[in-house]
Structure formats: C-alpha cells, structure tokens
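Below, each chain spelled out in residue letters.
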Amino acid sequence: MAVGFVQCGVVRLRGGCGKARRTNGGVWMVAAGYGNKEAYGSEVSKADSRPLQLEGCDLYLPEEEITSIVHFTPGALVSSQPHLFYGNFLSSLSDFGIAIISTPYDTSFDHLKLGKDVATKYVNAYAALLPRLPNTWVPTFGMGHSLGAKLQVLMNCVPEIRQKFPPRASNVLISYNNFDSAESIPAYENIIDGLRVLESLNPLLDSVGVAMGVDLKSSRFRDINIEQIFDNLRNFTGDVDPPTSVFESMIRNSYAVPDNCIISFATDSIDQSDILELDLRGRHGKRTVRRPLAGTHLTPMMPASDELRDFGLGRDIQNYLQETVQSVRTQYDKEFQDLVVTTVAFLRLMEEDCNRRLLGPGQGSSTVEL
C-alpha cells in the first residue's frame, strides 16, 4: 500500500487515505487517533498479553489517544522475537499515548541489507495502520536498542532507505554499538549469562505448575531458549557491512535526523554511545541529548514485576512467586522506570516541538525537563 511521502515539511493525511499536502515546518505528521483495538478485527486480535500483529510487525497501541508513533528496532540477540524481551518496555511506553511498531528481523553482519529489510517491514505496517485510525496529527519517531540503535541511524544515513518512510521528528538511541565482525561475537557473549537469568525462571514456573496442577504454558518465559540464541550468534559469517570506519563517516556526512536522545547505562561493556555522540554532534551540533542512566545492557529487556498476573493464578500464589524472584528484581525496577521516564520525557518534549511547528508560535510550551 503506497503512502505519499515527502522529505521535509508537515504532511496532513486526510482520513488516512494517502492524500497529502505540504505546509511550512520540518516535521512529518500522520493521520492517527485512538487505539481502538476492536477496529482491527481478527488479524490483529490480542491474546496472552502479546502485541497485536500487523504486516509482520508487533504493534503496541495505547488505550487512549495516540500522541506519537514510534518505530522500534530490537537488539541483535533477540531480534527475531522482540516481544519476548522488550514487551514490558514497549507496553510501558504505550501507556503514555505512544503507538509502537516493532520490527523483528533475522540478524546478520550485512547491516545495510538489514536496514533495507527493516525499513520495508515498517513502511508496510505504517501504511496499513493509517487508514484504520481516526483523523488527527501526530509525529513519528525512531527508537532502537543495541544493534537496533545502529539500524535506526543507518536507515537515516542512506537516501535509498530513508526515502521509504516519513522523516523522523527525532530518534531515541539506546545502548548503541557499532562493532566490526571480529569484535561482535566476544562482545555479545558477555551478555549471554545475563539473559540466562530470564530463562532460569522456567524451572520455577514448572515446579509451581506441577504443585498446583496449573498449566503455565501461557507464560512468555516458556518461549525463551538462550542456547538457540547462542547458536545463532555462532553462525554469523562474513564481514560487517558497512565497516565501522565507513559507517562513522556516513553519520558525519549524511545522517538526516538533527534531534536525538542517546541513552546509555552505567554497566554496559558493549556500549559505544561516546563515539556516536561525537559523530552526531559533529553532524548536527548540540541538538543531541545524552542521558547516562543506572542499569545494564539488559535494562530495556526486563520483564514486569507483576507479569505473573497473566498466569491465571490466585493472589496467594502470585504473591509467593513475586517474593521468590524479588531478590533478582529489586535492583532492576528503579533502573527500568528511570529508562521509561527518560524516554517518555524526551518524546513529549519533541511532540511539543512538533505541535509548535504545526500550529505556529505560542501554541505549545516545552514544560518537560530532561
């Protein structure tokens, strides 16, 4: 389904039908509205707290008015099933009026091809979403974690790719890294043990299920297979395309999104946000915001403390399970909430900037402080 795109300016889509006209400003605005899930019919029906499905993408819709649309790209290790690991984070963002299109992909070292494939998936889902929503105007943003952050940058460096989708109001780039082939495998091996923490919940759920005669197969933890992720990582072959040095030059010369928020964590051995910050500031000056937070590379992938409610267990058993895993959860909760608040605050700030460009001076105020 084709949607008329332009490279700059505010575009108003009438009733989501693809008709558009350009007005003054520097923001792409889309027809959107309320997250009425019933309007989607069976093809995007929600079950077991999983995201809706649209054109091969995961779709997270807010219950109330949509204030922005975010394109999310996951990290390399869990790129094929991002809902298993990022569901809590993306659902938390959608609570603030943000509609999120998350694009799964099969990881490889051909990052240029990944960028093209991810952009195509996103555009298909984006175009399918527009006609189903009532008429209003909201900005679009990009957001990625780890390799997903690199893909968001790459898609906005290559004209052939960025012409596929509407220009971004801004990007949120979390735990960015840009390794060459020889560096990638050892770097990702360092976080495998952290992922095992999530997988280790499976035996606990099995034991409780047997004791209580309850089937816990609806739990999304049951789908996590860390060894398979590790095997897939070992199967990577070839060289990273584009190479590290070439890609850094691409950022400095052709990256098309002036406003960015770089989020990094205090304990993250594979983060390269310092390099990205220098490259973005070299390209667009001081319009890049850097926000270092407490946490690790896995902070965006933490499950919710109250996620056990999905199991259909009684309150007493829920409390028992929550107390059992509390020792590995307490330190992550505040770090996770800080990530959500920081992300939402930046998006709100950019939304208000978009509104001022659309409505004119005096029509919006930047009341959010980062």
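Everything that follows concerns the structure shown earlier in this document.
Residues numbered from 1 in each chain as written. Predicted model: local features only at pLDDT ≥ 70, side-chain atom pairs only at ≥ 80, totals over all residues. Heavy atoms only, no water.

1. Things to note about the pattern of salt bridges
Inference 1: Per the stated rule, a full pass over the model turns up 10 salt bridges.
Inference 2: Linked through salt bridges whose partners overlap, the residues forming this network are Asp274, Glu277, Arg281 and Arg290. (Salt bridge = Lys/Arg side-chain N within 4 Å of Asp/Glu carboxyl O.)

2. A short note on the packing of helix α9 (residues 244-254) against helix α10 (residues 273-284)
Inference 1: Interaxial distance between α9 and α10 falls to 7 Å at its minimum, and their mutual angle equals 30 degrees. Here α9 lies roughly parallel to α10, going by the angle between them. Crossing of α9 against α10: the hand is right-handed. Between α9 and α10, the contacting residues are Glu248, Ile251, Arg252, Asn253 and Ser254 on the first element and Ile275, Leu276, Asp279, Leu280 and Arg283 on the second.
Inference 2: For the contact of α9 with α10, the per-class residue count stands at 4 nonpolar, 2 polar and 4 charged. (Axes fitted to C-alpha atoms, helices over the stretch in contact; angles between N-to-C directions. Helix = DSSP H or I, 4+ residues; strand = E, 2+ residues; numbered from the N terminus. Parallel < 35°, antiparallel > 145°, perpendicular 65-115°, else oblique. Left-handed = near helix turned anticlockwise from the far one by under 90°. Contact = heavy atoms within 4.5 Å. Nonpolar A, V, L, I, M, F, W, Y, C, P; charged D, E, K, R; others polar.)

3. As for the environment of Val123
Inference 1: Positionally, Val123 belongs in helix α2 (residues 111-129).
Inference 2: A residue is classified by how much of its surface remains accessible, and Val123, at 14% relative accessible area, is buried.
Inference 3: For the pair Val123 and Pro166, spaced 43 residues apart in sequence, the C-alpha to C-alpha distance is 8.8 Å. (Buried < 20%, exposed > 50% of the residue type's maximum accessible area, 1.4 Å probe, protein only.)

4. A few points about the environment of Gly56
Inference 1: Here Gly56 shows up in the loop between β4 (52-54) and β5 (57-60).
Inference 2: Residue Gly56 is classed as partly exposed on the basis of its relative accessible area of 48%.
Inference 3: Considering only alpha carbons, one finds Gly56 and Tyr122, 66 residues apart in sequence, at a separation of 8.8 Å.

5. Focus on the environment of Leu52
Inference 1: Note that Leu52 resides in strand β4.
Inference 2: Sequence-wise, Leu52 and Ile101 are 49 residues apart; in three dimensions their C-alpha atoms are separated by 9.6 Å.

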